[in-house]
Amino acid sequence: MSLLEVEDLAVHFGGVKAVDGVSFSVREGSVFSIIGPNGAGKSTIFNLISRIYRPTRGSIRFDGRDITRLAAHEVARLGIARTFQNIELFDHSTVLDNLLMGRHVHRRSNFIQDIFFTPKVRREEHIHRTRVEEVITFLELEAYRDKMIAGLPYGVRKVVEIGRALALGPRLILLDEPASGLSVEESREVAFWIEDMRRDMGLTVLMVEHDMSLVAQVSDHVLAVAEGRMLAQGSAAGVQADPDVRAAYLGTEAA
Amino acid sequence: MRVTFKTSYDRDIDLHESWRQRGWIALLLAIMAALPFLVGEYYLAEATNTLIWALAGMGLMVLVGHTGQVSLGHAAFLAIGAYTDAALMNAGVPFLVSFPLAGLAAGLFGALVAIPAVRMSGIYLAIATLALFVIVEELVIILEPVTGGIGGIQAPSIMIFGMEFDRYLALDRFYWLCLAVVALVTWGYANLLRSPTGRSFLAVRDSEISARALGVNVTRTRALAFGLSSGVTGLAGALMGHYIGFFNYELFSIFISINLLLVVTIGGLGFIQGAFFGAILITAVPQIISILRDTGSNWGVDLGTIPGLDTAIFAVILIGFIIYEPAGLYGRWLKIRAWFELFPLARRDMFRRQKTYLKTERMR
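Residues numbered from 1 in each chain as written. Chains lettered and ligands numbered in written order. Predicted model: local features only at pLDDT ≥ 70, side-chain atom pairs only at ≥ 80, totals over all residues. Heavy atoms only, no water.

## Notes on the confidence of the model for chain B
Thought 1: Taken residue by residue, chain B gives an average pLDDT of 87. The fraction at 70 or more is 94%.
Thought 2: Contacts of residues 354-364 of chain B to residues separated by more than four positions or lying in other chains number 15 contacts, the stretch itself having pLDDT below 50. (pLDDT = per-residue confidence, 0-100. Contact = heavy atoms within 4.5 Å.)

If you want it as structure tokens, here you go:
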């Protein structure tokens, strides 16, 4: 049963075909990786799924529902969370507040109740906090709970962003280069977390990543793209061995 | 340094971390409430003025400090609040009804204007709000039957349950009225900041794109912030009208908008306390200047003949703060407090802003 189905997706910026006719489907409970050289359109695919860009053509279906025309903020409500390649955290808030912001789609109070801070708001806050604490425990962020984002090292921020996406309680999580800029140990940790997300939380993971060892370790399915087009699909080993993929990464020898 | 041992999530949810803090707040409130018995008429009037400015400052702080939008037109909402309140009271509506209505009118007008305006950001929004201010100013002149036009309007004296709260006849009661309003609004504001609504404001301020990805409706959130901001500013406007007594459109000039921006920036962007620090500064500086003028003339130096002295001093203060203390008066206060709490371990570099690497352009 596929959770996410992308069909003939394309977006053109003027004459630039950033993504051009990409189709794939992500099975529920699997880890799906998109690889490709810089500028291949990987992040653009993510931005199309989370509705930041409007596709020129094609369709995106999530859980059988067409989300191609939804507003960006409605996508999260369906259970799609994401991280960003260049970390988009709320810099002037604490880790705890950032994670609590991840709970936004679950809020049940309106702003008037918030102003008077009715007992209902407090009850809801307790529920949010309990969920957030689960994420903190899972990602071992206890030491950073009350720290401001602005003062945190890069590796921790990266983890906080994953945590914020998890706090949303998604069914599908989009990870945009979760291991970029991380040390070897840190990226191995990320690999374990992705495994756990899939196995223990039942999440479906869609990931863009350059680190091939991480991709090979966790992915069920790999899609290679270059210049907005699909090159190959299949198992990590199969895709890596594909001559087109090798050509895209290393260049073809001049004939 | 004090460390609070937390044993329940409530400790993070509560407004104040410890009973010590609650004690300080209670003490401050008590002193504020007892002020009419402690100081004379002149200083009490100044304190009232400061409270009104702090209220208007809180209104603008929601927008500038917590949602990251600039408004150069907040004098317009002061005007809407003042005129709505005065016109309704002249029509026989009691203050207890007209006052909330004044806030509501300003708030609804703000939210309505915000729906197209919040799609703009930065300098464009500033210009749009400036245009809004000009429109409201013209409207006030055109709607003469209601607003008194160029001639002006008298804010009737306030009666609540047969008690008079007039600015001139019963200044102490008018002061308490302002204090009560300010205290209530501050409480509501603090509540807002610890709730999902406040978090969505901060989210929109710090990263619009990830706010969207987390399911925040950015347009609606910004419009809500605009509405709340103009509503609170409207309440301040109503009180300002009563404080002045008889006013016309000239009371709400563009300089009021700019002074309000000074209140929030010098006070400390992003802190409720900043609105109060800024309001104290903005109301105290003209007084200090006039005192200096008096002492100056006693010594034979005539400062009174120098034109634009107030404006010049304000300008210098503003530039000084932007260069040396962008976090404002409240930010400076936090640093001073930390220095004492950590003594003798505080270092100069502790508050130096770190360069953030890998900061890229945000997608818009």
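## Considerations on the domain arrangement of chain A
Residues and elements named next belong to chain A.
Thought 1: Taken domain by domain, chain A holds domain 1 (1-79 + 170-255) and domain 2 (92-169).
Thought 2: Overall, the association of domain 1 and domain 2 removes approximately 1,300 Å² of surface from exposure, summing both partners, and the carbon and sulfur fraction of that is 76%.
Thought 3: Taken as a group, Pro 170, Trp 193 and Met 201 account for 40% of the area that domain 1 buries against domain 2, more than any other trio of residues on that side.
Thought 4: Remark: the boundary between domain 1 and domain 2 carries 0 salt bridges.
Thought 5: The interface formed by domain 1 and domain 2 holds 3 residue pairs in polar contact (both at pLDDT 80 or more) in total.
Thought 6: Listed by contribution, the elements that provide at least two residues to the side of domain 1 that touches domain 2 are helix 2 (72-77), strand 7 (172-176) and helix 7 (184-199). (Domains from an automatic or database assignment. Buried area = accessible area lost by both parts, 1.4 Å probe. Salt bridge = Lys/Arg side-chain N within 4 Å of Asp/Glu carboxyl O. Polar contact = N/O pair within 3.5 Å; in protein donor to acceptor, adjacent residues only side chain to side chain. Helix = DSSP H or I, 4+ residues; strand = E, 2+ residues; numbered from the N terminus.)

## Here we look at unusual backbone geometry
Thought 1: Its identity is not glycine, yet Glu 140 of chain A carries a phi of approximately 55°, on the positive side.
Thought 2: Structurally, Glu 140 of chain A is set in the loop between helix 5 (119-139) and helix 6 (154-167).

## Some thoughts on helix 3 (residues 41-64) of chain B
Thought 1: Its 24 residues place the ends of helix 3 of chain B 34 Å apart at the C-alpha level, agreeing with the 34 Å of an ideal helix rising 1.5 Å per residue.
Thought 2: Taking burial as the measure, the 24 residues of helix 3 of chain B include 21 buried ones, the bulk of the element. (Expected span 1.5 Å × (residues − 1). Buried < 20%, exposed > 50% of the residue type's maximum accessible area, 1.4 Å probe, protein only.)

## So, the interface of chain A and chain B
Thought 1: Contacts between chain A and chain B engage 46 residues on the former and 39 residues on the latter.
Thought 2: Carbon and sulfur atoms make up 60% of the surface buried where chain A meets chain B, a total of about 3,600 Å² over both sides.
Thought 3: Residue Arg 122 of chain A is joined to Asp 10 of chain B by a salt bridge in which the shortest nitrogen-to-oxygen separation is 2.8 Å.
Thought 4: Linking chain A with chain B are 15 residue pairs in polar contact (both at pLDDT 80 or more).
Thought 5: Elements supplying a minimum of two residues to the side of chain A that touches chain B: helix 2, strand 6 (80-82), helix 3 (95-101), helix 4 (111-116), helix 5 and helix 6 of chain A.
Thought 6: Per-element accounting of the side of chain A that touches chain B gives the leading share, 8 residues, to helix 5 of chain A.
Thought 7: Residue composition of the side of chain A that touches chain B, grouped by class: 20 nonpolar, 12 polar and 14 charged. (Nonpolar A, V, L, I, M, F, W, Y, C, P; charged D, E, K, R; others polar.)

## Details of the pattern of salt bridges
Thought 1: Counting across every chain of the model gives 26 salt bridges over all chains.
Thought 2: With a shortest N-O distance of 3.8 Å, Arg 82 of chain A and Asp 176 of chain A are connected by a salt bridge. Of the two residues, Arg 82 of chain A is situated in strand 6 and Asp 176 of chain A in strand 7; the sequence distance between them amounts to 94 residues. The residues Arg 82 of chain A and Asp 176 of chain A share a single accessibility class, namely buried.
Thought 3: The salt bridge partner of Lys 6 of chain B is Asp 12 of chain B, with a shortest N-O separation of 2.9 Å.
Thought 4: Looking at Lys 6 of chain B, the relative accessible area reads 29%, which means it is partly exposed.

## Observations regarding the packing of aromatic side chains
Thought 1: Inspection of the entire model under this criterion finds 15 aromatic pairs over all chains.
Thought 2: Through successive ring pairs, a cluster of aromatic residues spans Phe 77, Phe 109 and Phe 226 of chain B.
Thought 3: Over the face of the ring belonging to Phe 90 of chain A we find Arg 164 of chain A, whose NZ or CZ atom lies 4.8 Å from the ring centre.
Thought 4: Between Arg 167 of chain B and the ring centre of Tyr 243 of chain B, over which it is positioned, the NZ or CZ distance is 4.3 Å. (Phe/Tyr/Trp six-rings, centres within 6.5 Å; stacked < 30°, edge-to-face > 60°. Lys NZ or Arg CZ within 6 Å of the ring centre and 35° of its normal.)

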